[in-house]
Amino acid sequence: MQVIQSIEQIRQLVRQWRQLEKTIGFVPTMGNLHQGHLSLVEEAQKCADKVIVSIFVNPTQFAPGEDFTSYPRTLQEDQEKLENAQVDVLFVPDREEIYFPDESTRINVSGLSEQYCGASRTGHFSGVATVVCKLLNIVQPDSAVFGQKDFQQLRVIQRMVRDLNIPVKIKSMPTFRGLDGLAMSSRNSYLTPEQKATAPELYQALLDAKEAILACRQGYPEIEHQQISRLRCSGFDPEYFVICRSLDLHSAKSDDTDLVILTAAKLGKTRLIDNIEFIKKI
Ligand code: AMP
């Protein structure tokens with residue numbers, strides 16, 4: 001596996017691969033890799049001849065006071081995992097390679113970015129959209145793979161790629177979970193053993209809400225309130241628990257069929273997010 005830090009070198013290598021008519025798959029990450037990330041790599045390898053993984057802890061997607069400085073950085077271990085997974089290139093640019101000191105361009109995907117995670121994380125999705133757009137411009141892959149774990153982020157990226165005619169196929173992979181149901185996340189390492197035992201309750205709340213929806217037991221606002229109270233009782237500080245239309249994340253009505261339930265809740269200082277997507281037959 002080649003480890004590359006400069007945009008110029010990535011471009012040179014991609015040019016060579018293109019001359020050899022190789023297709024290129026791309027997986028952008030912030031590192032501290034787990035099996036969820038590796039499932040994206042596997043998917044990228046299925047669809048492309050060469051795979052590039054990037055690790056870049058993107059400063060512009062952290063709101064002031066968030067965990068940018070303490071975000072787990074484990075480059076050595078990540079590199080080993082990617083070597084074992086037979087990734088072709090690891091792209092690890094530093095901040096100066098990605099952002100000019102006087103950079104002044106931001107991408108705003110309005111309508112999808114303001115609510116839910118965007119409401120509490122000011123500028124978060126603008127930072128995500130900007131860095132993903134830049135990385136896609138740098139790597140120019142045929143396909144790029146993202147996780148459904150970050151469902152709102154996935155929708156923001158899909159909309160941006162569509163609206164800006166970026167020539168890349170966006171693929172997504174299901175959320176990779178531990179045996180207890182907890183969605184794998186780099187931030188799980190912040191949890192104490194006690195919090196780790198409580199954390200799977202977040203997914204259980206999603207499963208129970210899904211069941212209630214499919215059984216048409218209650219109205220959506222009632223289901224949302226019930227699960228928020230339940231999370232509070234279990235020790236979470238819930239931020240949102242919303243039943244949405246999967247495609248545009250608008251609040252769902254009872255006759256919508258393609259649904260996603262999105263939730264974010266803090267456990268101590270750790271903010272967890274999760275979601276469940278499903279179809280309700282009418
Ligand atoms: P991150 O390093 O957290 O920015 O995530 C990089 C990519 O991995 C994003 O597309 C995430 O949605 C995806 N990802 C993170 N956790 C998981 C998971 N548990 N299952 C599947 N994909 C994930």
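What counts, and where the lines are drawn
- Residues numbered from 1 in each chain as written.
- Predicted model: local features only at pLDDT ≥ 70, side-chain atom pairs only at ≥ 80, totals over all residues.
- Heavy atoms only, no water.
- Helix = DSSP H or I, 4+ residues; strand = E, 2+ residues; numbered from the N terminus.
- Rg over C-alpha atoms; globule rule 2.2 N^0.38 Å.
- Buried < 20%, exposed > 50% of the residue type's maximum accessible area, 1.4 Å probe, protein only.
- Lys, Arg positive; Asp, Glu negative; His and termini not counted.
- Charge placed at Lys NZ, Arg CZ, Asp CG, Glu CD.
- Domains from an automatic or database assignment.
- Buried area = accessible area lost by both parts, 1.4 Å probe.
- Salt bridge = Lys/Arg side-chain N within 4 Å of Asp/Glu carboxyl O.
- Polar contact = N/O pair within 3.5 Å; in protein donor to acceptor, adjacent residues only side chain to side chain.
- Nonpolar A, V, L, I, M, F, W, Y, C, P; charged D, E, K, R; others polar.
- Contact = heavy atoms within 4.5 Å.
- Near = heavy atom within 4 Å.
- Areas by Shrake-Rupley, 256 points an atom, 1.4 Å probe, with all protein chains shown as cover.
- Core = buried A, V, L, I, M, F, W, Y, C linked by side-chain atoms within 4.5 Å.
- 1 Å grid on protein atoms, 1.4 Å probe; cavity = no way out; pocket = protein on both sides within 12 Å on 5 of 7 lines; lining within 4 Å.
- Points joined across faces, edges and corners; volume = space filled by probe spheres on them.
- Phe/Tyr/Trp six-rings, centres within 6.5 Å; stacked < 30°, edge-to-face > 60°.
- Lys NZ or Arg CZ within 6 Å of the ring centre and 35° of its normal.

### As for the overall build of the protein
Okay, so step 1: Per the secondary structure count, the protein includes 10 helices and 9 strands.
Okay, so step 2: Scaling as 2.2 N^0.38, a compact globule of 282 residues should have a C-alpha radius of gyration of about 19 Å, and the protein matches this with 19 Å.
Okay, so step 3: By principal-axis analysis of the C-alpha atoms, the protein measures approximately 60 × 40 × 40 Å.
Okay, so step 4: Relative to its full complement of 282 residues, the protein shows a buried share of 55%.
Okay, so step 5: Considering the protein, the positive charge centre built from 32 side chains and the negative charge centre built from 36 side chains are found 2 Å apart.

### Description of the domain arrangement of the protein
Okay, so step 1: Segmentation of the protein into domains returns domain 1 (2–173) and domain 2 (186–277).
Okay, so step 2: Computed from C-alpha coordinates alone, the two centres of domain 1 and domain 2 are separated by 26 Å.
Okay, so step 3: Across the interface of domain 1 and domain 2, roughly 1700 Å² is buried in total on both sides, 51% from carbon and sulfur atoms.
Okay, so step 4: Among the residues domain 1 hides against domain 2, the three largest losses belong to Tyr116, Phe151 and Arg155. Together they make up 37% of the total.
Okay, so step 5: One can count 2 salt bridges joining domain 1 with domain 2.
Okay, so step 6: Its salt-bridge partner being Asp67, residue Arg187 comes within 2.8 Å of it at the nearest N-O pair.
Okay, so step 7: For the pair domain 1 and domain 2, the interface holds 9 residue pairs in polar contact (both at pLDDT 80 or more).
Okay, so step 8: Elements that contribute at least two residues to the side of domain 1 that touches domain 2 include exactly α5 (117–120) and α7 (151–163).
Okay, so step 9: It is α7 that provides the largest number of residues to the side of domain 1 that touches domain 2, a total of 4 residues.
Okay, so step 10: Residues of the side of domain 1 that touches domain 2, tallied by class, amount to 7 nonpolar, 9 polar and 6 charged.

### Some remarks on the side chain of Arg155
Okay, so step 1: Mapped onto the elements, Arg155 comes out in helix α7.
Okay, so step 2: Residue classification places Arg155 among the buried positions, given a relative accessible area of 11%.
Okay, so step 3: Among the polar contacts made by the side chain of Arg155, one reaches the side chain of Gln158 at a distance of 2.7 Å.
Okay, so step 4: Once you skip the residues sitting within four places of it in the chain, Arg155 turns out to touch Leu112, Ser246, Leu247, Leu249 and Glu277.

### Some details on the site of the ligand
Okay, so step 1: Around the ligand, the surrounding shell holds 17 residues, and the nearest of these are Met30, Gly147, Asp150, Phe176 and Met184.
Okay, so step 2: With respect to the ligand, the side chain of His37 contributes an N or O atom lying 2.9 Å from an oxygen atom.
Okay, so step 3: Within the backbone of Gly147, a nitrogen or oxygen atom sits 2.9 Å from an oxygen atom of the ligand.
Okay, so step 4: Within the complex, 92% of the 490 Å² of free accessible area of the ligand lies under protein.
Okay, so step 5: Of all elements in the fold, only β2 (24–29), α2 (35–47) and β5 (143–147) reach the threshold of two or more residues within the shell around the ligand.

### Description of the nonpolar core
Okay, so step 1: Grouped together as the largest cluster of nonpolar side chains are 48 residues, with contacts concentrated most on Ile10, Ile52, Met160 and Leu262.
Okay, so step 2: Listed by contribution, the elements that provide at least two residues to this core are α1 (7–19), β2, β4 (89–91), α6 (124–139), β5, α7, β7 (237–245) and β8 (258–267).
Okay, so step 3: Top element by residues in this core is α6. It accounts for 10 residues.
Okay, so step 4: Two domains each provide a minimum of three residues to this core, namely domain 1 (2–173) and domain 2 (186–277).

### Describing the layout of surface pockets
Okay, so step 1: The computed volume of the second largest pocket comes to approximately 250 Å³.
Okay, so step 2: What lines the second largest pocket is a set of 18 residues, among which Ile55, Phe56, Val57, Arg73 and Pro93 lie closest to the centre.
Okay, so step 3: Taken together, the residues of the lining of the second largest pocket break down into 10 nonpolar, 4 polar and 4 charged.

### Regarding the pattern of salt bridges
Okay, so step 1: For the coordinates displayed, the defined rule picks out 14 salt bridges.
Okay, so step 2: Glu66 serves as the salt-bridge partner of Arg121, at 2.8 Å between the closest nitrogen and oxygen. Of this pair, Arg121 sits in the loop between α5 and α6 while Glu66 sits in the loop between β3 (50–55) and α3 (75–84), and the two are 55 residues apart along the sequence.
Okay, so step 3: Residue Glu66 is classed as partly exposed on the basis of its relative accessible area, which comes to 24%.
Okay, so step 4: Of the charged contacts in the structure, one is a salt bridge between Asp208 and Arg230, with a shortest N-O distance of 2.8 Å.

### So, the packing of aromatic side chains
Okay, so step 1: Counted by the stated rule, this structure contains 4 aromatic pairs.
Okay, so step 2: Measuring from centroid to centroid gives 6.2 Å for Phe56 and Tyr99, while their planes differ by 40 degrees, and the two rings are tilted. In this pair, Phe56 sits in the loop between β3 and α3 while Tyr99 sits in the loop between α4 (95–98) and α5, placing the two residues 43 residues apart along the sequence. Here Phe56 and Tyr99 have matching classes, each one buried.
Okay, so step 3: Seen from their ring centres, Tyr116 and Tyr240 are 5.6 Å apart, and the 45 degrees between their planes marks the pair as tilted. Within this pair, whereas Tyr116 is found in the loop between α4 and α5, its partner Tyr240 is found in strand β7, the two being separated by 124 residues in sequence. Tyr240 shares its class with Tyr116; the two are buried.
Okay, so step 4: For the cation-ring pair, Arg73 lies above Phe68, with the distance from its terminal atom to the ring centre recorded as 4.9 Å.
Okay, so step 5: Here the guanidinium or amino end of Arg177 rests over the ring plane of Tyr203, the centre of that ring lying 3.5 Å away.

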